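Okay, here's what each chain looks like letter by letter:
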Amino acid sequence: MSQVPVAVVTGGSRGIGKAVADECMSLGFRVVLVARSARNLEQACRELSEKHAPDAAHQPDMVSVDVAGGAAVKAGAGELIRGEGAGEVLVNAGGIRISRTF
């Protein structure tokens, strides 16, 4: 494992999560983006890498998981910990939308 601190950002493929990941990388963190859409994650990783990653130790990584499913979250967390350790920062910007009236 690298000495570069790791920030894990759920919802990191777009919106607030991606903006937080961008800021974390500008502060010297390597980010692990977590989101449901692998395609969006790949695009976000590419953009952040082009903007911030000076070397392999700072390259962003991704874990595709739907945070609405408890079993999927547990499996994704296990994958993340096996690959990166617990990380130094966790930002929970991912969420679910429930479409119904109040």
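Residues numbered from 1 in each chain as written. Predicted model: local features only at pLDDT ≥ 70, side-chain atom pairs only at ≥ 80, totals over all residues. Heavy atoms only, no water.

A.B. asks: Would you explain the overall build of the protein chain in this entry?
C.D. replies: From N to C terminus, the protein chain includes three helices and four strands. Tracing the protein chain from N to C terminus, the helices and strands come up as β-α-β-α-β-α-β. Rg of the C-alpha trace for the protein chain: 13 Å, near the compact-globule value of 13 Å for 102 residues, within the 12% margin. With respect to the principal axes defined by its C-alpha atoms, the protein chain has extents near 45 × 25 × 20 Å. When burial is assessed residue by residue, the protein chain has 33% of its 102 residues classed as buried. (Helix = DSSP H or I, 4+ residues; strand = E, 2+ residues; numbered from the N terminus. Rg over C-alpha atoms; globule rule 2.2 N^0.38 Å. Buried < 20%, exposed > 50% of the residue type's maximum accessible area, 1.4 Å probe, protein only.)

A.B. asks: Can you help me understand the sheet that holds strand E4 (residues 89–92) in this one?
C.D. replies: Strands in a sheet are paired, the pairing made by backbone hydrogen bonds, and the direction either parallel or antiparallel. One open sheet holds the four strands; their spatial order is E3-E2-E1-E4, and the pairing between them is parallel. With partners counted over all chains shown, the strands left at the sheet margins are strand E3 (61–64) and E4, one partner each. Geometrically, the sheet is characterised by an average inter-axis angle of 15° between neighbouring strands, direction not taken into account. Here four bridges tie strand E1 (residues 6–10) to E4, and the two strands are oriented parallel to one another. (Pairing = 2+ DSSP bridges. Axes fitted to C-alpha atoms, helices over the stretch in contact; angles between N-to-C directions.)

A.B. asks: How should the side chain of Ser 49 be read in this particular structure?
C.D. replies: Summarising the element assignment, Ser 49 is placed in helix H2 (residues 38–52). Residue contacts for Ser 49: discarding those within four places in its chain leaves Gln 59 and Pro 60. (Contact = heavy atoms within 4.5 Å.)

A.B. asks: Would you take a moment to explain the nonpolar core for this structure?
C.D. replies: Across soluble globular proteins, you tend to see nonpolar side chains buried next to one another. Ranked by internal contacts, the top residues of the largest apolar core, which has 14 residues, are Ala 7, Ala 21, Cys 24, Met 25, Val 31, Leu 33 and Leu 48. When residues of this core are traced back to their parent elements, those giving at least two are E1, helix H1 (15–26), strand E2 (30–35) and H2. Among the elements that take part in this core, H2 stands out by supplying four residues, more than any other. Look past the residues within four positions of Met 25 in its chain and what remains in contact with it is Val 31, Leu 48, His 52, Ala 53, His 58 and Pro 60. Judged by nonpolar contacts, the second largest core, of seven residues, contains Val 8, Val 34, Val 63 and Leu 80. (Core = buried A, V, L, I, M, F, W, Y, C linked by side-chain atoms within 4.5 Å.)

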